Amino acid sequence: MSRKDDSPAISLFSFQDIITSITGIMFLVVIMLMIFLFESKPESSDDPETAKMKKSVAAEITALQKSLDELKKEEERQKKALEELMKMSPEKIAARKRELEKKYAQAAQNLFKLQQEQNEMRLFIQNAAENIRTMQAKLAVDKEQLAKETLESAENKKNLENLKKQLEEVKKAATFSVENSSDKNFILAEFGKDGFMVKDFSAQVDHDLRIPGASADEHIDKFIDWVSTRDKNSELVSVIIGPANLKHWNEIANRLKKLSFGYGVEFYPDDNTTIFTGKQGGGI
């Protein structure tokens, strides 16, 4: 069949020549080795070096024979492939070429896509590892903070229990010190370093009468003024005083008497005790 263009005809005879030349070389090497073995003088079989050389030569011959057999098989395969190609028309060869080129382009595109996906996956793994390290560091800080807060919570709970016990003790003690009357409400007044804090048990309300930096007389005046606004017929007051303010009790008692307000007194063992949570007591 004539060609449609002036391109040279496809020839595979050069490849066949190469295979034939290699086969001839292998035959020549094998013949030379055989001649070398036949013409060499026999040596004493007791010589270990000779025995070792014979084994080495025999192994080389075996390897060469194996290579020769493989070359023969490859030659047969190439001959068959060449015969198949020779049977194909130039149009079929060109179509086969285009098909192979298309497959190659598709394989190259798939390879490029896989490389992109691999790079994206590598970046994702790096980011994930960085996030894990960050989260582990934050978790360690959170654990430390949680342990600290747990310890503080336990201490606060203990302090709250102590304050509750102190309040119960003060309430019990104050109950005995105030004129007992079932129809009167109970008021507890604590005299600290900044003035009076008052707890109204009937209304469950705390009254802060403190004046930071004021004198004892100013604190007492503010307390008496507040008491004067209360109903003396329905309320009783018990004053709790620490050691530092004990010297002011007589004045407080006299002024309560003038108001005809029922009262009692209790004493703290020190100037830092207080029944008001989160508020420091103490003397002046």
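Everything discussed here concerns the structure shown above.
None of these values were measured; they are calculated from a predicted model.

Cut-offs and rules
Residues numbered from 1 in each chain as written. Predicted model: local features only at pLDDT ≥ 70, side-chain atom pairs only at ≥ 80, totals over all residues. Heavy atoms only, no water. Helix = DSSP H or I, 4+ residues; strand = E, 2+ residues; numbered from the N terminus. Contact = heavy atoms within 4.5 Å. Areas by Shrake-Rupley, 256 points an atom, 1.4 Å probe, with all protein chains shown as cover. Core = buried A, V, L, I, M, F, W, Y, C linked by side-chain atoms within 4.5 Å. Buried < 20%, exposed > 50% of the residue type's maximum accessible area, 1.4 Å probe, protein only. Pairing = 2+ DSSP bridges. Axes fitted to C-alpha atoms, helices over the stretch in contact; angles between N-to-C directions. Parallel < 35°, antiparallel > 145°, perpendicular 65-115°, else oblique. Left-handed = near helix turned anticlockwise from the far one by under 90°. Nonpolar A, V, L, I, M, F, W, Y, C, P; charged D, E, K, R; others polar. Phe/Tyr/Trp six-rings, centres within 6.5 Å; stacked < 30°, edge-to-face > 60°. Salt bridge = Lys/Arg side-chain N within 4 Å of Asp/Glu carboxyl O.

Time to look at the overall build of the protein chain. Scanning the protein chain for helices and strands turns up 5 helices and 5 strands. Helices and strands appear in the protein chain in the N-to-C order α-α-α-β-β-β-α-β-α-β. In the protein chain, the share of contacts with a sequence separation of at least 24, taken over all contacts with a separation of at least 6, comes to 68%. As displayed, the protein chain offers around 20800 Å² of accessible surface, 57% of which is attributable to carbon and sulfur atoms.

Formed by 19 residues in total, the largest nonpolar core has its most connected members in Phe196, Val198, Phe223, Val237, Val239, Ile252 and Leu256. Residue assignment for this core shows that the elements contributing at least two residues are strand S1 (185-192), strand S2 (195-200), helix H4 (216-227), strand S4 (235-241) and helix H5 (249-258). Sorting elements by how many residues they give to this core places H4 first, with 5 residues. In terms of nonpolar packing, the next biggest core, distinct from the first, is built from 8 residues, Leu188, Met197, Ile275 and Phe276 among them.

What follows concerns the pairing of strand S3 (residues 205-208). As paired strands, S2 and S3 are joined by 4 bridges and run antiparallel to one another. Pairing of Lys199 across the sheet is with Asp206, part of S3.

Axis separation between H4 and H5 bottoms out at 11 Å; the angle between their running directions is 25°. Here H4 lies roughly parallel to H5, going by the angle between them. Classified by chirality, the crossing of H5 by H4 is right-handed. Note on element contacts: H5 touches H4 through Glu251, Ile252, Arg255 and Leu256, opposite Asp217, Ile220, Asp221, Phe223, Ile224 and Val227. When its residues are assigned to classes, the contact of H4 with H5 shows 6 nonpolar, no polar and 4 charged.

The next point concerns the packing of aromatic side chains. A full pass over the atoms with the stated rule returns 4 aromatic pairs. Geometrically, the ring pair formed by Phe196 and Phe223 is stacked, given 4.1 Å between the ring centres and 10° between the ring planes. Residue Phe196 is found in strand S2, and its partner Phe223 is found in helix H4; the two are separated by 27 residues along the sequence. With respect to class, Phe196 is no different from Phe223; both count as buried. Grouped by ring-pair contacts, the aromatic residues Phe191, Phe196 and Phe223 constitute a single cluster.

Attention now goes to the pattern of salt bridges. The final tally for this structure, using the stated rule, is 11 salt bridges. In this structure, the salt-bridge partner of Arg210 is Asp208, at a minimum N-O distance of 2.9 Å. Judged by relative accessible area, Arg210 falls into the partly exposed class, the value being 25%. For Arg255, the salt bridge goes to Glu251, with nearest N and O atoms at 3.9 Å. Of this pair, Arg255 and Glu251 both sit in helix H5, separated by 4 residues, roughly a single helical turn. Accessibility expressed as a relative area gives 23% for Arg255, which makes it partly exposed. We classify Glu251 as partly exposed; its relative accessible area is 30%.

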